[in-house]
Amino acid sequence: MAIYTLTGTDKEISVQGRYASVKNNGTETVYASSAPDLELNAAEVVPIQAGESVIVRDCRKKLYVRGSGQIAVVSGNEPVNFFKPAPKGNGGGSGDGITQQQLNDTLKSYATITSVDTKLEEYASKDEIPTSLPAYGGNADTVGGKSAEELIQSNPNLLLNPDFKVNQRGKSEYGYDGGDRYTVDRWKLQANLTLTVHSDYVTVSRHDPTSNSHTGFRQELNIPDDTSVTLQACVKGNGSFTLFHNGFSGTAEMQVQDTDGWVVVKCTGYGASDAGVLLRGTATSLDIKWIKLELGAVSTPFVPPNPLEEALKCGSLENAEQQI
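Residues numbered from 1 in each chain as written. Predicted model: local features only at pLDDT ≥ 70, side-chain atom pairs only at ≥ 80, totals over all residues. Heavy atoms only, no water.

A. Highlighting the sheet that holds strand 5 (residues 46–48). One open sheet holds the 4 strands; their spatial order is 2-7-4-5, and the pairing between them is antiparallel. On the outer flanks of this sheet lie strand 2 (11–14) and strand 5, each paired with one strand and no other. Neighbour to neighbour, the strand axes of the sheet diverge by 30° on average, direction disregarded. Examined bridge by bridge, strand 2 and strand 7 (residues 62–66) share 4 bridges and lie antiparallel to one another. Bridge pairing links Ile13 to Leu63 in strand 7. (Pairing = 2+ DSSP bridges. Helix = DSSP H or I, 4+ residues; strand = E, 2+ residues; numbered from the N terminus. Axes fitted to C-alpha atoms, helices over the stretch in contact; angles between N-to-C directions.)

Okay, here's the thing in C-alpha coordinates:
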(Lines give C-alpha, C1' and ligand atoms only; values in the text may rest on other atoms or scores of the structure.)
Protein backbone atom coordinates (compact mmCIF):
# COMPACT_ATOMS: atom_id res chain seq x y z
CA MET A 1 0.00 0.00 0.00
CA ALA A 2 1.30 3.46 -0.95
CA ILE A 3 0.22 6.89 0.34
CA TYR A 4 0.18 9.94 -1.94
CA THR A 5 -0.49 13.65 -1.30
CA LEU A 6 -2.48 15.56 -3.94
CA THR A 7 -2.00 19.32 -4.43
CA GLY A 8 -4.78 20.10 -6.90
CA THR A 9 -2.84 19.18 -10.05
CA ASP A 10 -3.08 15.98 -12.06
CA LYS A 11 -0.82 13.23 -10.73
CA GLU A 12 0.44 10.11 -12.53
CA ILE A 13 1.05 7.08 -10.30
CA SER A 14 2.78 3.86 -11.34
CA VAL A 15 0.88 0.72 -10.25
CA GLN A 16 1.37 -3.04 -10.51
CA GLY A 17 -1.42 -4.92 -12.30
CA ARG A 18 -4.66 -4.02 -14.04
CA TYR A 19 -6.63 -2.90 -11.00
CA ALA A 20 -6.05 -0.23 -8.38
CA SER A 21 -7.89 0.17 -5.08
CA VAL A 22 -7.92 3.86 -4.18
CA LYS A 23 -9.06 5.27 -0.80
CA ASN A 24 -9.66 8.98 -0.23
CA ASN A 25 -8.20 9.85 3.17
CA GLY A 26 -8.86 13.59 2.71
CA THR A 27 -11.91 15.78 3.13
CA GLU A 28 -12.61 16.70 -0.51
CA THR A 29 -13.73 14.64 -3.50
CA VAL A 30 -10.89 13.40 -5.70
CA TYR A 31 -11.02 11.80 -9.14
CA ALA A 32 -9.18 8.78 -10.50
CA SER A 33 -8.88 7.32 -13.99
CA SER A 34 -6.97 4.76 -16.01
CA ALA A 35 -6.66 7.32 -18.85
CA PRO A 36 -4.28 10.27 -18.79
CA ASP A 37 -6.92 12.74 -19.92
CA LEU A 38 -8.99 13.43 -16.79
CA GLU A 39 -12.17 14.71 -18.37
CA LEU A 40 -14.48 14.71 -15.39
CA ASN A 41 -17.43 13.43 -17.39
CA ALA A 42 -15.50 10.69 -19.14
CA ALA A 43 -16.69 7.12 -18.51
CA GLU A 44 -13.35 5.98 -17.10
CA VAL A 45 -13.12 8.81 -14.55
CA VAL A 46 -14.26 7.71 -11.07
CA PRO A 47 -15.13 10.23 -8.33
CA ILE A 48 -14.08 9.25 -4.81
CA GLN A 49 -15.87 10.92 -1.92
CA ALA A 50 -14.05 11.75 1.31
CA GLY A 51 -13.46 8.56 3.33
CA GLU A 52 -14.64 6.29 0.48
CA SER A 53 -12.73 3.82 -1.68
CA VAL A 54 -13.16 2.53 -5.26
CA ILE A 55 -11.62 0.13 -7.77
CA VAL A 56 -10.11 1.66 -10.93
CA ARG A 57 -10.00 -0.90 -13.76
CA ASP A 58 -7.75 -1.36 -16.82
CA CYS A 59 -4.96 0.74 -15.39
CA ARG A 60 -2.19 -0.72 -17.59
CA LYS A 61 0.42 0.13 -14.93
CA LYS A 62 -0.63 3.80 -14.71
CA LEU A 63 -3.17 5.55 -12.51
CA TYR A 64 -4.14 9.20 -12.93
CA VAL A 65 -5.66 11.23 -10.11
CA ARG A 66 -6.80 14.85 -9.56
CA GLY A 67 -7.75 16.73 -6.44
CA SER A 68 -6.41 17.79 -3.05
CA GLY A 69 -5.69 15.79 0.10
CA GLN A 70 -4.28 12.32 0.70
CA ILE A 71 -5.02 8.97 -0.97
CA ALA A 72 -3.96 5.36 -0.35
CA VAL A 73 -3.40 3.00 -3.31
CA VAL A 74 -3.12 -0.80 -3.48
CA SER A 75 -2.82 -2.46 -6.91
CA GLY A 76 -3.00 -5.98 -8.29
CA ASN A 77 -4.41 -8.25 -11.00
CA GLU A 78 -7.67 -9.03 -9.21
CA PRO A 79 -10.69 -6.73 -9.03
CA VAL A 80 -10.60 -6.59 -5.21
CA ASN A 81 -11.18 -3.46 -3.13
CA PHE A 82 -8.54 -3.91 -0.46
CA PHE A 83 -10.05 -1.21 1.71
CA LYS A 84 -13.37 -2.95 2.30
CA PRO A 85 -13.92 -5.95 4.64
CA ALA A 86 -14.99 -9.24 3.10
CA PRO A 87 -18.78 -9.74 2.95
CA LYS A 88 -20.01 -11.88 5.86
CA GLY A 89 -20.85 -15.51 5.07
CA ASN A 90 -20.00 -15.35 1.39
CA GLY A 91 -17.34 -18.05 1.70
CA GLY A 92 -14.80 -16.00 -0.29
CA GLY A 93 -14.92 -15.15 -3.97
CA SER A 94 -13.57 -12.50 -6.29
CA GLY A 95 -15.74 -9.62 -5.06
CA ASP A 96 -14.78 -6.81 -2.73
CA GLY A 97 -12.91 -8.06 0.35
CA ILE A 98 -9.72 -8.11 2.39
CA THR A 99 -6.59 -10.07 1.53
CA GLN A 100 -4.83 -12.62 3.75
CA GLN A 101 -1.90 -10.24 4.07
CA GLN A 102 -4.16 -7.45 5.29
CA LEU A 103 -5.73 -9.86 7.76
CA ASN A 104 -2.27 -10.87 9.02
CA ASP A 105 -1.28 -7.22 9.39
CA THR A 106 -4.46 -6.50 11.34
CA LEU A 107 -3.91 -9.45 13.69
CA LYS A 108 -0.37 -8.32 14.34
CA SER A 109 -1.70 -5.00 15.52
CA TYR A 110 -3.58 -6.82 18.31
CA ALA A 111 -1.01 -9.44 19.39
CA THR A 112 2.76 -9.49 19.27
CA ILE A 113 5.15 -12.32 20.06
CA THR A 114 6.09 -10.50 23.26
CA SER A 115 2.48 -10.15 24.40
CA VAL A 116 1.80 -13.85 23.68
CA ASP A 117 4.90 -14.90 25.65
CA THR A 118 3.81 -12.69 28.55
CA LYS A 119 0.38 -14.34 28.60
CA LEU A 120 1.86 -17.86 28.46
CA GLU A 121 4.20 -17.13 31.34
CA GLU A 122 1.15 -16.60 33.54
CA TYR A 123 0.64 -20.37 33.27
CA ALA A 124 4.17 -21.75 32.78
CA SER A 125 7.63 -20.37 32.27
CA LYS A 126 9.09 -21.14 28.87
CA ASP A 127 12.09 -22.65 30.68
CA GLU A 128 9.74 -25.25 32.21
CA ILE A 129 8.42 -26.45 28.86
CA PRO A 130 10.62 -29.28 27.44
CA THR A 131 11.78 -28.93 23.86
CA SER A 132 11.14 -32.65 23.28
CA LEU A 133 9.62 -35.67 25.02
CA PRO A 134 11.75 -38.69 26.04
CA ALA A 135 11.38 -41.87 23.99
CA TYR A 136 9.52 -43.69 26.78
CA GLY A 137 6.79 -41.02 26.95
CA GLY A 138 7.94 -39.29 30.12
CA ASN A 139 7.78 -42.20 32.59
CA ALA A 140 10.44 -44.88 32.46
CA ASP A 141 8.65 -47.17 34.91
CA THR A 142 5.12 -47.36 33.54
CA VAL A 143 3.19 -47.30 30.27
CA GLY A 144 -0.53 -46.66 30.53
CA GLY A 145 -0.30 -47.15 34.29
CA LYS A 146 1.23 -50.65 33.93
CA SER A 147 4.75 -51.64 34.87
CA ALA A 148 7.15 -53.10 32.35
CA GLU A 149 6.75 -56.48 34.06
CA GLU A 150 2.96 -56.38 33.59
CA LEU A 151 3.39 -55.63 29.89
CA ILE A 152 5.54 -58.74 29.32
CA GLN A 153 3.53 -61.78 28.29
CA SER A 154 4.18 -64.64 30.68
CA ASN A 155 5.33 -68.05 29.43
CA PRO A 156 3.47 -71.15 30.69
CA ASN A 157 4.74 -72.62 33.94
CA LEU A 158 5.86 -76.24 33.45
CA LEU A 159 5.40 -76.98 37.17
CA LEU A 160 2.07 -77.96 38.68
CA ASN A 161 0.82 -76.40 41.92
CA PRO A 162 3.70 -73.84 41.72
CA ASP A 163 2.50 -71.77 44.69
CA PHE A 164 1.61 -74.80 46.85
CA LYS A 165 -2.07 -73.81 47.24
CA VAL A 166 -3.26 -77.37 46.50
CA ASN A 167 -2.72 -79.48 49.62
CA GLN A 168 -5.19 -82.35 49.34
CA ARG A 169 -3.69 -84.31 52.23
CA GLY A 170 -4.48 -81.31 54.42
CA LYS A 171 -1.44 -81.51 56.69
CA SER A 172 0.37 -78.41 57.90
CA GLU A 173 3.69 -80.24 58.22
CA TYR A 174 5.33 -83.06 56.25
CA GLY A 175 8.50 -84.93 57.16
CA TYR A 176 10.87 -87.37 55.47
CA ASP A 177 10.76 -90.96 56.81
CA GLY A 178 13.16 -93.00 54.68
CA GLY A 179 12.20 -92.42 51.00
CA ASP A 180 11.02 -89.70 48.63
CA ARG A 181 7.89 -88.25 50.12
CA TYR A 182 5.02 -86.33 48.52
CA THR A 183 3.83 -83.31 50.47
CA VAL A 184 1.58 -80.61 48.98
CA ASP A 185 0.34 -81.96 45.63
CA ARG A 186 3.10 -82.92 43.16
CA TRP A 187 5.93 -81.75 45.41
CA LYS A 188 8.40 -84.16 47.05
CA LEU A 189 10.81 -83.88 49.95
CA GLN A 190 14.24 -85.38 49.59
CA ALA A 191 16.11 -86.91 52.56
CA ASN A 192 16.43 -85.06 55.86
CA LEU A 193 13.84 -82.34 55.13
CA THR A 194 10.67 -81.11 56.79
CA LEU A 195 8.01 -79.00 55.03
CA THR A 196 5.80 -76.55 56.94
CA VAL A 197 2.77 -75.18 55.07
CA HIS A 198 1.72 -71.56 55.70
CA SER A 199 -1.15 -69.56 54.19
CA ASP A 200 0.85 -68.12 51.28
CA TYR A 201 4.24 -69.87 51.38
CA VAL A 202 6.01 -73.01 52.58
CA THR A 203 9.15 -73.48 54.67
CA VAL A 204 11.67 -76.16 53.83
CA SER A 205 13.98 -77.00 56.78
CA ARG A 206 16.47 -79.67 57.70
CA HIS A 207 15.12 -82.47 59.92
CA ASP A 208 18.65 -82.94 61.21
CA PRO A 209 20.30 -79.49 61.39
CA THR A 210 23.72 -81.05 62.02
CA SER A 211 23.80 -82.76 58.61
CA ASN A 212 25.48 -80.79 55.82
CA SER A 213 24.49 -83.06 52.93
CA HIS A 214 22.69 -81.50 49.96
CA THR A 215 18.98 -82.16 50.13
CA GLY A 216 16.05 -80.79 48.15
CA PHE A 217 12.39 -79.98 47.69
CA ARG A 218 11.48 -80.93 44.11
CA GLN A 219 8.96 -81.89 41.45
CA GLU A 220 9.58 -84.66 38.90
CA LEU A 221 9.52 -83.77 35.19
CA ASN A 222 10.59 -85.11 31.82
CA ILE A 223 12.10 -82.22 29.83
CA PRO A 224 14.59 -83.32 27.08
CA ASP A 225 18.25 -82.63 27.78
CA ASP A 226 18.66 -80.33 24.74
CA THR A 227 15.76 -78.05 25.73
CA SER A 228 16.66 -74.63 27.15
CA VAL A 229 14.79 -73.87 30.40
CA THR A 230 14.78 -71.17 33.09
CA LEU A 231 13.91 -71.78 36.74
CA GLN A 232 12.77 -69.00 39.09
CA ALA A 233 11.76 -68.95 42.74
CA CYS A 234 10.53 -66.33 45.18
CA VAL A 235 12.32 -67.12 48.42
CA LYS A 236 13.40 -65.71 51.79
CA GLY A 237 16.19 -66.97 54.00
CA ASN A 238 19.83 -66.61 54.94
CA GLY A 239 21.10 -70.12 54.20
CA SER A 240 22.99 -71.39 51.20
CA PHE A 241 20.70 -72.87 48.55
CA THR A 242 20.59 -73.58 44.82
CA LEU A 243 17.87 -73.82 42.21
CA PHE A 244 18.38 -77.06 40.35
CA HIS A 245 17.04 -79.14 37.45
CA ASN A 246 18.26 -82.33 35.81
CA GLY A 247 21.54 -82.37 37.68
CA PHE A 248 22.31 -78.82 36.49
CA SER A 249 22.63 -76.36 39.32
CA GLY A 250 23.54 -72.72 38.99
CA THR A 251 24.16 -70.03 41.54
CA ALA A 252 20.82 -68.38 42.18
CA GLU A 253 20.86 -64.94 40.57
CA MET A 254 18.78 -62.39 42.48
CA GLN A 255 16.39 -60.38 40.31
CA VAL A 256 14.04 -58.51 42.66
CA GLN A 257 13.93 -57.87 46.39
CA ASP A 258 10.95 -56.40 48.23
CA THR A 259 10.65 -54.69 51.59
CA ASP A 260 9.63 -57.90 53.38
CA GLY A 261 12.86 -59.69 52.51
CA TRP A 262 11.46 -61.83 49.67
CA VAL A 263 13.76 -62.11 46.66
CA VAL A 264 13.20 -63.52 43.18
CA VAL A 265 16.12 -65.64 42.00
CA LYS A 266 16.71 -67.60 38.80
CA CYS A 267 19.06 -69.93 36.96
CA THR A 268 19.08 -71.30 33.41
CA GLY A 269 20.17 -74.57 31.84
CA TYR A 270 19.02 -77.45 29.65
CA GLY A 271 16.57 -80.25 30.29
CA ALA A 272 14.85 -81.19 33.55
CA SER A 273 14.09 -84.58 35.06
CA ASP A 274 13.30 -82.74 38.27
CA ALA A 275 13.22 -79.11 39.41
CA GLY A 276 13.18 -77.35 42.74
CA VAL A 277 15.32 -75.93 45.52
CA LEU A 278 18.40 -77.61 46.98
CA LEU A 279 19.59 -76.74 50.49
CA ARG A 280 23.36 -76.79 50.47
CA GLY A 281 26.03 -77.15 53.12
CA THR A 282 24.94 -75.78 56.44
CA ALA A 283 21.74 -74.09 55.27
CA THR A 284 18.99 -74.92 57.75
CA SER A 285 15.74 -73.54 56.24
CA LEU A 286 14.25 -71.55 53.40
CA ASP A 287 10.83 -69.92 52.86
CA ILE A 288 9.42 -70.38 49.33
CA LYS A 289 6.45 -68.39 47.97
CA TRP A 290 6.40 -69.83 44.43
CA ILE A 291 8.55 -71.64 41.85
CA LYS A 292 8.37 -71.37 38.06
CA LEU A 293 10.01 -73.45 35.30
CA GLU A 294 9.61 -72.23 31.73
CA LEU A 295 11.04 -72.87 28.28
CA GLY A 296 13.81 -70.60 27.03
CA ALA A 297 16.64 -68.65 28.60
CA VAL A 298 14.58 -65.53 29.43
CA SER A 299 12.48 -65.38 32.58
CA THR A 300 8.94 -63.98 32.40
CA PRO A 301 6.62 -62.94 35.27
CA PHE A 302 5.07 -65.54 37.54
CA VAL A 303 1.26 -65.68 37.24
CA PRO A 304 -0.58 -67.32 40.17
CA PRO A 305 -2.76 -70.18 38.86
CA ASN A 306 -6.36 -70.94 39.80
CA PRO A 307 -6.16 -73.48 42.70
CA LEU A 308 -9.26 -75.36 41.47
CA GLU A 309 -7.73 -75.81 38.01
CA GLU A 310 -4.45 -76.89 39.57
CA ALA A 311 -6.26 -79.49 41.70
CA LEU A 312 -7.78 -80.99 38.54
CA LYS A 313 -4.38 -81.00 36.82
CA CYS A 314 -2.78 -82.76 39.76
CA GLY A 315 -5.42 -85.51 39.40
CA SER A 316 -4.36 -88.95 40.58
CA LEU A 317 -0.97 -88.76 42.26
CA GLU A 318 1.99 -91.14 41.99
CA ASN A 319 1.65 -92.46 45.51
CA ALA A 320 -1.45 -94.19 46.90
CA GLU A 321 -0.98 -92.19 50.06
CA GLN A 322 -1.69 -89.09 47.96
CA GLN A 323 -5.12 -90.17 46.65
CA ILE A 324 -8.03 -87.88 47.59
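B. Layout of the environment of Asp287. By the secondary structure assignment, Asp287 is in strand 21 (residues 285–295). Residues contacting Asp287, with those up to four places away along its chain left out, are Tyr201, Val202, Thr203, Cys234, Val235, Lys236 and Trp262. Side-chain polar atoms of Asp287 contact the side chain of Thr203, separated by 2.6 Å. (Contact = heavy atoms within 4.5 Å. Polar contact = N/O pair within 3.5 Å; in protein donor to acceptor, adjacent residues only side chain to side chain.)

C. Structural context of the packing of aromatic side chains. Applying the stated criterion to the full structure yields 5 aromatic pairs. A centroid spacing of 5.5 Å and a plane angle of 65° characterise the contact between Phe164 and Trp187, whose relative ring orientation is edge-to-face. One end of the pair, Phe164, is in the loop between helix 3 (148–151) and strand 11 (173–175); the other, Trp187, is in the loop between strand 12 (181–182) and strand 13 (188–189), and 23 residues separate them in sequence. The same class applies to Phe164 as to Trp187, namely buried. Look at Tyr201 and Trp262: their rings are 5.5 Å apart centre to centre, the planes differ by 70°, and that puts the pair in the edge-to-face class. Remark: Trp262 occurs in the loop between strand 19 (253–257) and strand 20 (263–279) and Tyr201 occurs in the loop between strand 14 (193–197) and strand 15 (202–206); sequence separation between them is 61 residues. You can call Trp262 buried: its relative accessible area is 7%. Put simply, the rings of Phe164, Trp187 and Phe217 touch in pairs and so form one group of aromatic residues. (Phe/Tyr/Trp six-rings, centres within 6.5 Å; stacked < 30°, edge-to-face > 60°. Buried < 20%, exposed > 50% of the residue type's maximum accessible area, 1.4 Å probe, protein only.)

D. Summary view of the pattern of salt bridges. Per the counting criterion, the structure on display carries 8 salt bridges. Of the charged contacts in the structure, one is a salt bridge between Glu220 and Arg218, with a shortest N-O distance of 3.6 Å. A salt bridge links Arg218 to Asp274; the nearest nitrogen and oxygen atoms lie 3.7 Å apart. Of the two residues, Arg218 sits in strand 16 (residues 215–236) while Asp274 sits in strand 20, which places them 56 residues apart along the sequence. The buried category is assigned to Asp274, whose relative accessible area is 15%. Look at the salt bridges and you will find they share partners, linking Lys188, Arg218, Glu220 and Asp274 into a network. (Salt bridge = Lys/Arg side-chain N within 4 Å of Asp/Glu carboxyl O.)

E. Region of the structure containing the sheet that holds strand 1 (residues 2–7). Here we have 4 strands laid out as an open sheet, ordered 1-8-3-6, and antiparallel in their pairing. In the strand order of this sheet, the two ends are held by strand 1 and strand 6 (53–56), each with one partner. Mean inter-strand twist for the sheet, computed between neighbouring axes without regard to direction, equals 30°. The pairing of strand 3 (residues 19–24) with strand 6 spans 4 bridges and is classified as antiparallel. Among the inter-strand pairings, Ser21 is bridged to a residue of strand 6, identified as Ile55.

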